[in-house]
Amino acid sequence: MEGKNESKKTIVIAVRFTEVGKIHYFKPNKMNFKNGENVIVETIRGVEFGTVIKERHGIEITEKLGEIKNVIRKATKSDVKKNKKNNEEKEEIKKICIDKIKTHKLDMNLIDVEYTFDRTKLLFYFTAEDRVDFRNLVKDLAGMFRTRIELRQVGVRDEAKIINGIGKCGRMLCCATFLTSFQVVSLKMAKEQRISLNPNKISGSCGRLMCCLKYEEEVYKELSKIKFKEGDIVETKEGRGEIISILLLKGEVKVKIRDKKTDEVVIREVKIKDIETKERDNKGIIKNETI
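Peer 1: Can you help me understand the overall build of the protein in this one?
Peer 2: On a plain count of helices and strands, the protein comes out with 8 helices and 13 strands. Its C-alpha atoms give the protein a radius of gyration of 28 Å, more than 25% over the compact-globule value 19 Å for 291 residues. The principal-axis extents of the C-alpha atoms in the protein amount to approximately 85 × 65 × 35 Å. Sorting the 291 residues of the protein into buried and exposed places 35% on the buried side.

Peer 1: Hey, could you run me through the state of the cysteines in this one?
Peer 2: Cysteine pairs can be linked by a disulfide, which is a covalent bond between their two sulfur atoms. Inspection of every chain in the model, using the stated rule, returns 0 disulfides. C175 takes part in no disulfide bond, and the closest cysteine sulfur, belonging to C211, lies 6.0 Å away. The exposure class of C175 is buried, given its relative accessible area of 7%. Its sulfur unpaired, C206 is 6.5 Å from the next cysteine sulfur, which belongs to C211. You can call C206 partly exposed: its relative accessible area is 23%.

Cut-offs used in this document
Residues numbered from 1 in each chain as written. Predicted model: local features only at pLDDT ≥ 70, side-chain atom pairs only at ≥ 80, totals over all residues. Heavy atoms only, no water. Helix = DSSP H or I, 4+ residues; strand = E, 2+ residues; numbered from the N terminus. Rg over C-alpha atoms; globule rule 2.2 N^0.38 Å. Buried < 20%, exposed > 50% of the residue type's maximum accessible area, 1.4 Å probe, protein only. Disulfide = S-S within 2.5 Å.

The following block contains the structure:
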């Protein structure tokens, strides 16, 4: 009798349709593919031209993956030329669509255009403040390009990923260079990392919280488990002092101490492992004692 928790695996290759796009899995059957090779596959959108980013390997089958389809074939020289031609026509198609949007006086911003490999569908990606009635626009575009037209409204994060740009750090946007999908980013992450909550400082080019707040979340969660907090009275090698700030990544705290020689209050950075907490009341400090 098989165990209830026994997982099933299947052999797949990993494929991307754009340079920093989502990863999709396909069954290679008896064919072998190398990283960087182009393949022709069937998707829910139609036949697509993709690039192998990971050779044959096993993955666990889950409901989230959905149906894993077979690779149709390796891409030929003719396929590569056809895909190049599809991409080269994008800019001209965008210009035509933008003119049509102005003609119909629609409050929408066209972001990108994309043909499926077999040219059975032409997709237009746009942003808009509100819902847009683009039925007449679709009719015009279908009449011009003689193919199925699909308009997709995307969010501001998707817009930034498609357009790309320079982030506050001076580097190209993460979403456009290596992030294959967007993760949930919350204000709590900024608080845990003791970052200024000024929206101008923690918002990315898209106007949403910066994706990089997610990168060190687990590290800060682990580091924040230390038993000390600001206001605690602690014993250090230089004497008793009060913690005024915690430097989590450095593994240190800033302590306000009265210098034994000069009797002046000084600030010292002390390793967390080198301090001990004195007995505290429920507010975290020693009663009737000041530094």
